[in-house]
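# Survey of secondary and tertiary structure
Now for the letters of each chain:
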Amino acid sequence: MIKAVIFDMDGLMFDTERLWDTLWEPACQALNLAMPANLEEFLAGGRGLAGTKLNEHIQKYFPQIDPQVIVEKVWELAEERFGQGVPCKPGLEELLKTLEEKKIPRIVASSSPRALILKNLETTGMSRYFEQVVCAADVRFSKPAPDIFLEAARRLGVDIHKCLVLEDSFNGVRAGHAAGAVTVMVPDIAQPDEEIRALYNRCCRDLHEVRQL
């Protein structure tokens, strides 16, 4: 039986993955860098990553610069853009209200910086539904490692095997599976391939379907 629900944020709760994708080009322009020729591969491979994993990914495409410089420029642009508000995914508030009524604890576990997580929760009015948030800076290894979900379960005081992890990205599904959580994918930009289908417990078309589940 599910005792708690762990929410990813970008692409799962809020329609922000597409917004993140638009920030790399202006960041590169500001740093006089050319965008990768295989852009979609670069964007897809970086979704859900943070910290060392993200820097390693960026370094493969931009070996001439410290990847953290690019990350900080993207974060700067994100703060400005996300401060204007972000759109919620269909069914988000209905799902959160149902979990609240059932007294099922909820927590956000996102690779985004803590300040952006809190800002998105505040501007959308969703902060009232969450007791805590965990970000990549709170753990040693980011997704696809299981650390962030294990830490979320620890903070809630719930066995990870009794936690439902909701994810949209491949790296997030990999992390949920590695943690031993019940993992449900709600695809956003990328549809699951054979590898990912073998890792999740269920795939739902949207958060309305998760609520029914």
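Residues numbered from 1 in each chain as written. Predicted model: local features only at pLDDT ≥ 70, side-chain atom pairs only at ≥ 80, totals over all residues. Heavy atoms only, no water.

### Concerning the pattern of salt bridges
- Scanning the model with the defined rule gives 16 salt bridges in all.
- Notably, a salt bridge pairs K89 with D15, separated by 4.0 Å at the nearest N-O pair. Taken together, the positions of K89 in the loop between α4 (67–82) and α5 (92–101) and D15 in the loop between β1 (4–7) and α1 (17–30) put the pair 74 residues apart, joining distant regions of the chain.
- Look at K89 and you get buried, because its relative accessible area is 17%.
- The partly exposed category is assigned to D15, whose relative accessible area is 26%.
- Note that E40 and R47 form a salt bridge whose closest N and O atoms lie 3.6 Å from each other.
- Among the residues examined, E40 registers a relative accessible area of 47% and is labelled partly exposed.
- Residue R47 is classed as buried on the basis of its relative accessible area of 10%.
- One salt-bridge network, held together by shared partners, links R114, D138, E151, R154 and R155. (Salt bridge = Lys/Arg side-chain N within 4 Å of Asp/Glu carboxyl O. Helix = DSSP H or I, 4+ residues; strand = E, 2+ residues; numbered from the N terminus. Buried < 20%, exposed > 50% of the residue type's maximum accessible area, 1.4 Å probe, protein only.)

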